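# Structural description and commentary
Listed below are the residues making up each chain.
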Amino acid sequence: MRPRCPTCLLLTAAIAAFMATSAGGAEVSADAASDLSVTVYRSPYRGSGSIDIDRLGGFALISETRAVRLPAGLSRLRFEGVADGIEPASAIVTGLPDGLVEKNREGALLSPSALLASAAGRSVTLLRSNPKSGKTERVPGKLLADAGGGVVYETAVGIEALRCSGLKESFSFDSAADLSATPTLSVLVRSREPVTATVTLSYLARGFDWAADYTATLSADGATMDLGAWVTLANGNGVGLPNARAQTVAGRVNRVSGEVEPLDIGGPILAQCWPRGSTSDSPGLLQFDRSLAGGGQLKAGRNIATLALAAPAQMTDMMLEAQRVEQEQLGDLKLYRVPERTTVAARQSKQVRLLDRAAIPIKVVYGADLAADADALSIPAVKFLRTMNDAAHRLGLPLPSGGVAVYVEHRGERLLEHESGVRDLAVDEELEISLGASSDVAVTAAREGAVTEPVTPGKAARGAQLDVSERVEISNARASPIQFELRLRVAEGARIVSADHPLERKNGRPIFRLAIPAHASAMLRYQVRHSGG
Amino acid sequence: MRAHLLAIGWLPWLLAGASVCAADRILSVTIYADDLALIADHRDIDVKGGRQRIEFQDVSAQIRPETVSLTAADIGIVEQNFDFDLLTPAKLMEKAVGREITIVRVNPASGAETREQAEVLATNGGVVLKIGQRIEVLRDDGLPVRVIFDKVPDNLRARPTLSVTITGGRAGTRPATLSYLTPGLGWRADYVALFDEGDNKIDVQGWVTLTNSSGSTYENAQTLLVAGSPSQVDAVARQPNMRYVQQPRPTVQAAGTESGSRERLGDTYLYPLAERTSIANLQTKQVSFLDVRGVPAEHGYEFRNHWLGSADSPQSAKTIYAFSTGAHAGLGDQLPAGVLRIYMRDKRGNPQFIGESRIEHTPMGSTLSLATGDAFDVKVRAVVDKRTRLGPFEWKTDMRYELSNALPKAVTVKLLQEGLWGDARITAESQKSARRSAEVAEWAVTVPANGRADLSATFDTRY
C-alpha cells in the first residue's frame, strides 16, 4: 500500500537494528550528567516532626545537565540513570534544537518475567541439568505461552511445562529484549543538522523527604536554652546524585498528582504447574525459584551517612566552624541551600547544619486544656517552654517544621527530656515546645453543683438555662514555684460568668494564669452559664 | 490471513517492529479523557469466499469484546468470539483427562530415563494416572518425572483471542476495519509554568500526557485525543450537590466566552497528534500542544475560614497565581483538564518548583486562579471572641481575624469567611466586606511589611 508506512521501504536486514524501537530513528544516549541539582521538598501530608526513613513521602526536583550529540534527522535521545521515583509527566527538557516530537517514559523494565513475556511465541533454548552427570542439556524449542504464571513450551519431543518435572530447568534467551534496567526517559527529536548540545533535564521524583531536626538544651536555671538544628534530608531512590547542588524548600506546596504512572517492575518466573497433591502428608518438595525476585520497591535502607539523627549538640564550638545552609526567599517559600556541592547517595539520609543559637530566653510554663464544665477529671499538666521567634529572643529567622529533642543537664550529663515537633514558624511567631506531661503537677476538675433556672413564663421557647459551678485544683509537688495556665474549652453559647481568679483571653479562649508556690496547691472556682436554647 | 499472522509471531524479535508493515495495517487510536479509547484497525484481509474464521491476536489485551465490529466490502459476519481460555500447565493437564500422555521417569542416581504411556484419570488436587493396569499419583514420591503432551488443545491460547467468522461473497484481498473500545488508555494535560516574580509574567507550556496500561502496544498509530468523555453513566454522581461536603477550591474564577481555532467534536475539543506514534504498553508519552510566553500574571494570597470557628495556631494563607486564558493578555487557548506545575527562579537563576494545582477543562478567555501551596510568612488566625445565643436557632458570633506578615513588603490577603448558611448577616465589621455569595463573605485585607493587621466582624446567623 502507498506510503502508509514509510519504514516498510527500509525493511532490510541491515536496517533492522534501527527498527529496534518501534518508532524508528537513530538511538542516541545522552552523556552522564555533568551537573546535578536536587531540591528536596517535604511531604505535604506529614505533620510536624522528623522524617520517617521507611516512608519518604516527600519529593525532589532534580535537574541534570547533560551533553548530547544528535545526528541529522529523527533520533531517539535516551536519558539513562534517572531516579527511579521519577514522575514522567513532570519532565522538562530544555536546550534541544527545535523539533522535539515527543517525550516518552518506558514502563516495562527488564526482569525475568518481562524476558519471558517478550519471548512468548518465539524460539528459546531450554536448559535442563542431568541429575546424574550434572551436565546441562540444551534443547532448542519454542515458548508457547506464559499466561497465568505458568510456562508451556514445545520441543521436538512434544509439549511440556516448565519446572513441573522436578528437574532443574531454565531458559536461555537470545537477547535481553528491548528493555532497560531502570526507568528511562527518552525524547524523539528531529534535527536539521548534526548538533552537539547541552541539555537540561528536570523532573520531580518521589522517595525523598526532609525535615529540620532541632535540639534544645535547657540551662541549669531553666531561664535560657541553646537551640541547634540540622537539615535532615533523605533519598529513598536507588539512584545516587553525586556531587550535586543540594537545596531544601520549607513550607507546604500543593501536590495534586496522586496517581503514579504504571511501571512494570516485573517479577520472578513463577512457573506454576498442575495440581501436585500427594498421598502423603509430607510437604511438597517442589520449590519455586524465588531468588530471582527483583522487586523494585522503593525501600529505604537505613544507611545513615553522617552523624546519628539525634546528633549531640554539646560540640557547639565545633559546630560554629561547620558549614550551614544558606536561606533565601523563593516566592512564598523558604529555600535552604547547602553551601558546597554534596553527594546525595542512593538510600541515604544526610544532615547539614541549619542554625545554632545560644542563650535564648525562655519561660517554662505548665498548662492544661480542659472542657469548662468537665466533671471528675484528673490529669497531669503539660510542661512546655515558650519563647518568641524574634531578634529580642536571639532568634528571628524562619523555623521550618521538624522534630525537637529537648535535653537537660543532669550531673554534668546531657539527658533527653522529651521529643516533640514544631510546625513551620515565621518570624515574630510564638514558639512553644512541649516537654511532655508532668506527673508532679496534677490538675483535678470537678463540678460542685449545677442549677437549672426555671423557665420564664412567656418565654417558653427559650428553655432552661444551666449554671455549672466548677472547681479546679492544681497541685505542685515540685520544689520550685511554677507558672500555670488553664485553658478552657467553652461549649457553644456558654460563657464564664464569674471566677475567683482574674480571667483572661488568649486566641479567643478563656485562660487563667496562676503562680503556684513550691509544694503547694491552688484552688480555682468559676461558674459557667449555658444559656437556654 | 491466519497463517500470515502466525508467521509474524515466529519472527525473531529484532524484526518485531516490522510486523505492522507486514500486515499492512493502519491503526487509528482515539483516546477519551477518562480511560476509554476507540481503536480502528485498518488492514487488508484475504477473503477466500464462503465461510471463514479470522483470528485477531494483536488487539488490546483489555478489549471490550461486545464493542467489536469488523467492516469490509461484500462480507457477512456469522459470529464473533472472544476466547480467553489460556494455555497454562494446569489447563493443559486438565484438558488431557481421558487422553494419553508420555511420562519420562528420570532416575536421580543413574540419570537413566524410562518412558511410559499413561492415561490421565483426574486432576483434582493432584494428577491421577493410569499406567498399564496401575493407578499412580504423578510425582507422589517427589522423584523427577517429565510429562510430555503431543499437542495443544485447540481452544487453549497464549493470550485472549478475538475471532470473527465471516462469509465472503467473492474471494480476494480487500481493506477491512476492525474497531472496538478498550479501557486502559488515557490522557490528560500537564502544564509547566515559569513565573517571573520581577515583572509578574508567566511562561506556560502545555503537554498532553498519554498513558497506556491496556497491556498492548499500538504501533505507528494515528492518534487523536478528545478533551471529554462520551460516557455519561457516572455524570450524575459527580454533580456537586452535597452542600456540606467541602468542595475543592475552584480554579476558574470567571469562565471565558472566547473560541479558539482548535478542532471541535460536538462540544469538546480535539487534539490530533501531528505525527504517527507508537504507544507502547506502560509507556507515558508527552507531546507538546501549547507554548506561550510572557503572559501577565498576578500573585496574591487567599485564606478561607470554613466555618465560624477558631484555630489554635495561625494558619498559612494560600499562595495564589492568577492569569487569563484569553486571546488578549492571556494564554489564548482553551485548556484541557490536567495539572499545572509552577516554577520560579531562585536567587541563582535556577528554576525551582513552587507547587502545583489541578485545573478543569477551561474555556478560552477564562480567568484562572491557582493555589500552589501555603505561604510561609503570611498567616491568619481566626478567633471566635464571643458567641451568644439569641434564640433557638439564632446566634451572634464576634469573629476576629489576626493577620501577620513576616515579609519585607506589604501584602493583600483575600480573606473568605465560608459557612454562612441560612440567613447570615454581618451586623458590624471593621472593614467593608463583599458578599461573594450568600454563604461566603470576602474582605481584601492589606497587611503592612513585617507587620500585623486585625479584622473583626460580627455575624448574626439564623438557621
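For the structure, see preceding data.
Now for a look at the structure at hand. Only a predicted model underlies this, so the values are computations on that prediction, with no experimental measurement involved. (Residues numbered from 1 in each chain as written. Chains lettered and ligands numbered in written order. Predicted model: local features only at pLDDT ≥ 70, side-chain atom pairs only at ≥ 80, totals over all residues. Heavy atoms only, no water.)

### Brief notes about the overall build of chain B
Heads up, the condition is: Under the DSSP-based scheme used, a helix requires at least four consecutive residues in state H or I and a strand at least two consecutive residues in state E, with every element numbered from the N terminus. Only C-alpha atoms enter the radius of gyration; for comparison, a globular chain is expected to reach 2.2 Å times N to the power 0.38, where N is the number of residues. For every residue, the accessible area obtained with a 1.4 Å probe (protein chains only) is divided by the maximum for its type, and the residue is called buried under 20%, exposed over 50%, and partly exposed between those limits. Per-residue and other accessible areas follow the Shrake-Rupley method at a 1.4 Å probe size, with only the shown protein chains counted as cover for residues. In this tally Asp and Glu are treated as negative and Lys and Arg as positive; neither His nor the chain ends contributes. Throughout, a charge is located at the NZ atom of Lys, the CZ atom of Arg, the CG atom of Asp or the CD atom of Glu.
Within chain B one finds 3 helices and 30 strands. Against the 2.2 N^0.38 benchmark of 23 Å for 463 residues, chain B shows a C-alpha radius of gyration of 33 Å, more extended than a compact globule. Counting every position in chain B, which comprises 463 residues, the buried fraction comes to 49%. Just so you have it, chain B exposes about 20400 Å², and 52% of that area is on carbon and sulfur atoms. Of the side chains in chain B, 53 bear a positive and 55 a negative charge, and the two mean positions are spaced by 2 Å.

### Considerations on the interface of chain A and chain B
Worth spelling out the cut-off: Contacts between residues were defined by any pair of non-hydrogen atoms, one from each residue, lying within 4.5 Å. Note on definitions: salt bridges are taken to be side-chain nitrogens of Lys or Arg within 4 Å of carboxyl oxygens of Asp or Glu. Any N or O atom pair separated by 3.5 Å or less is treated as a polar contact, with the protein-specific requirement of one donor-capable and one acceptor-capable atom, and with residues adjacent in sequence counted only for side-chain atom pairs. Asp, Glu, Lys and Arg are counted as charged, while Ala, Val, Leu, Ile, Met, Phe, Trp, Tyr, Cys and Pro are counted as nonpolar; the rest, among them Gly, fall into the polar class.
Taken together, the 114 residues of chain A in the interface contact 115 residues of chain B. Inspection of the chain A/chain B interface yields 10 salt bridges. Salt-bridge contacts for Arg-146 of chain B lead to Glu-160 of chain A; the nearest nitrogen and oxygen are separated by 2.8 Å. Linking chain A with chain B are 35 residue pairs in polar contact (both at pLDDT 80 or more). Of the residues belonging to the side of chain A that touches chain B, the class tally is 51 nonpolar, 31 polar and 32 charged.

### A few points about the pairing of strand β24 (residues 367-391) of chain B
Residue and element names in this part refer to chain B. Stated precisely, the cut-off is as follows: For two strands to be treated as a pair, DSSP must find at least two bridges joining them.
With 19 of 25 residues buried, β24 is to be regarded as a mostly interior element. Strand direction decides the pairing type here: strand β16 (residues 252-254) and β24, joined by 2 bridges, are antiparallel. In the sheet register, Val-252 faces β24, and the bridge partner there is Leu-368. As paired elements, strand β21 (residues 315-324) and β24 share 9 bridges and run antiparallel to each other. Bridge assignment links Tyr-321 to a residue of β24, and that residue is Leu-370. Sheet topology note: the β24/strand β25 (residues 394-405) ladder contains 12 bridges and is antiparallel.

### Looking at the nonpolar core
Condition: To form a nonpolar core, buried Ala, Val, Leu, Ile, Met, Phe, Trp, Tyr and Cys residues must be joined to one another through side-chain atoms within 4.5 Å.
Grouped together as the largest cluster of nonpolar side chains are 69 residues, with contacts concentrated most on Tyr-191 and Tyr-218 of chain B. Looking at which element gives the most residues to this core, the answer is strand β13 (residues 185-196) of chain B, with 7 residues. Setting aside chain neighbours within four positions, we find Tyr-191 of chain B in contact with Val-204, Gln-205, Gly-206, Phe-289, Leu-290, Leu-335, Pro-336, Val-339, Leu-340, Arg-341 and Ile-359 of chain B. In terms of nonpolar packing, the next biggest core, distinct from the first, is built from 63 residues, Ala-83, Leu-201, Val-344 and Leu-395 of chain A among them.

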